[in-house]
Structure formats: structure tokens, C-alpha cells
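Topology and contacts: notes
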Amino acid sequence: MSIVVTEATRTAISAIGGDSLTSTQGIIAILLVIVLLVLKEFIRAVGTPKVKAGADVLNIAIVPLFLVFTFIVIVRLGSILYSGGAG
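As the structure is a computational prediction, the values presented were derived from the model and not from experiment. (Residues numbered from 1 in each chain as written. Predicted model: local features only at pLDDT ≥ 70, side-chain atom pairs only at ≥ 80, totals over all residues. Heavy atoms only, no water.)

**Some words on the nonpolar core**
We count it as follows: Only buried residues count toward a nonpolar core, which is a set of Ala, Val, Leu, Ile, Met, Phe, Trp, Tyr and Cys residues joined through side-chain atoms within 4.5 Å. Burial status follows relative accessibility: with a 1.4 Å probe on protein chains alone, a residue under 20% of its type maximum counts as buried, one over 50% as exposed, and anything between as partly exposed. Each helix corresponds to a stretch of at least 4 residues labelled H or I by DSSP, and each strand to a stretch of at least 2 residues labelled E; elements are numbered beginning at the N terminus. By definition, residues are in contact when any of their heavy atoms lie within 4.5 Å.
Counting eight residues, the largest nonpolar core consists of Ala-29, Val-33, Leu-36, Ile-43, Ala-55, Leu-58, Ile-62 and Leu-65. Those elements that place two or more of their residues in this core are helix 3 (24–46) and helix 4 (49–83). Residues contacting Leu-65, with those up to four places away along its chain left out, are Ala-29, Leu-32, Val-33 and Leu-36.

**Some remarks on helix 3**
In plain terms, the rule: The span one expects for a helix is its residue count, reduced by one, times 1.5 Å.
For helix 3, with 23 residues, the first-to-last C-alpha span of 33 Å sits near the 33 Å given by 1.5 Å per residue. Among the residues of helix 3, those classed as buried are Gly-26, Ala-29, Val-33, Leu-36, Lys-40 and Ile-43. Within two residues after helix 3, Gly-47 carries a phi angle of roughly 100°, on the positive side.

**Here's the deal with helix 4**
Helical geometry: 3.6 residues make up each α-helical turn, so side chains three or four residues apart lie on a common side. Let me state the cut-off plainly: Here the bend at a residue is taken as the angle between two axes, fitted respectively to the seven residues that end there and the seven that start there.
Counted at 1.5 Å a residue, the expected span for helix 4 with its 35 residues is 51 Å, and the 50 Å between its end C-alpha atoms agrees. Of all bends in helix 4, the biggest is about 35°, found at Ile-60, and the proline Pro-64 comes one to four residues later. Buried residues of helix 4: Ala-55, Leu-58, Ile-62, Leu-65, Ile-72, Val-75, Gly-78 and Ser-79, and no others.

**Overview of the packing of aromatic side chains**
The line we're drawing: By convention, a stacked pair of Phe, Tyr or Trp rings (six-membered ring in the case of Trp) has centres within 6.5 Å and planes under 30 degrees apart, an edge-to-face pair has planes over 60 apart, and any other such pair is tilted.
Tallying each qualifying case throughout the model produces one aromatic pair. When the centroid spacing of 6.1 Å and the interplanar angle of 35° are considered together, the rings of Phe-66 and Phe-69 count as tilted. One end of the pair is Phe-66 and the other is Phe-69, both in helix 4 and three residues apart, which spans about a single turn. Taking the relative accessible area as the measure of exposure, Phe-66 reaches 42% and is therefore partly exposed.

**Concerning the pattern of salt bridges**
Filter applied, for reference: Within this document, salt bridges are pairs made up of a side-chain nitrogen of Lys or Arg and a carboxyl oxygen of Asp or Glu, the two lying within 4 Å of each other.
Taken as a whole and judged by the stated rule, the model has one salt bridge. Arg-44 is the salt-bridge partner of Glu-41, the closest N and O atoms lying 3.3 Å from each other. Of this pair, Glu-41 and Arg-44 are both found in helix 3, three residues apart, which corresponds to roughly one turn of the helix. On the basis of relative accessible area, Arg-44 is assigned to the partly exposed category, the value being 47%.

**Considerations on a nonpolar patch on the surface**
We count it as follows: Each patch is assembled from residues with relative accessible area greater than 30% and no salt bridge, linking like charges that lie within 9 Å and nonpolar side chains (Val, Leu, Ile, Met, Phe, Trp, Tyr) that lie within 5 Å. Accessible surface area values rest on a Shrake-Rupley calculation with a 1.4 Å probe, where residue burial reflects the displayed protein chains alone.
Where nonpolar side chains cluster on the molecular surface, the patch consists of Ile-27, Leu-31, Ile-34, Val-38 and Phe-42 and spans about 490 Å² of accessible area. Note that Phe-42 resides in helix 3.

Below you can see the structure in the form of C-alpha cells.
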């Protein structure tokens with residue numbers, strides 16, 4: 001048992017289950033955040049101030065999706081670490 005990860009964290013990860021979070025909804029959320037980040041970079045590359053304001057509006061969708069992505073990755077890694085391997 002690692003000192004860094006508490007028993008409560010291990011129990012919570014086991015209760016949630018990593019497989020359910022990486023199902024179709026998780027994949028859609030990850031793909032959507034990638035598409036929005038690419039779109040934001042394209043908008044920033046255009047260079048006009050009016051269009052750059054549109055890139056800031058995308059943050060409304062990007063930030064929550066990025067938090068979901070981070071949560072999915074943490075739970076999945078926890079699931080892999082505590083199950084002793086992938087799968």
C-alpha cells in the first residue's frame with residue numbers, strides 16, 4: 001500500500017469502478033475536449049481580435065470537460081494500479 005494514496009481513496013476508486021467511467025460517455029467527453037481545444041487553437045491562429053474573443057467563449061465548455069477528463073484519467077489509473085494490471 002502506498003503512503004501517498006489513503007485507504008479511503010482506494011475504497012472510493014473500487015466502489016466507482018474505472019470501467020464505467022471509460023465507457024461511451026467518457027470517450028465522447030474526451031473526444032469533445034480534444035476537438036474544442038483544437039478549434040480554440042485554430043481560432044487563436046486567425047489573429048483578429050473579434051475572432052479571438054470567440055476563443056474565450058470556448059473556455060465555458062473546455063474547462064468542465066477538462067475536469068471530467070482529468071477525473072476519468074485519475075480513476076482509470078487508480079483502477080489499474082489497484083487491480084494489479086490493465087483490464
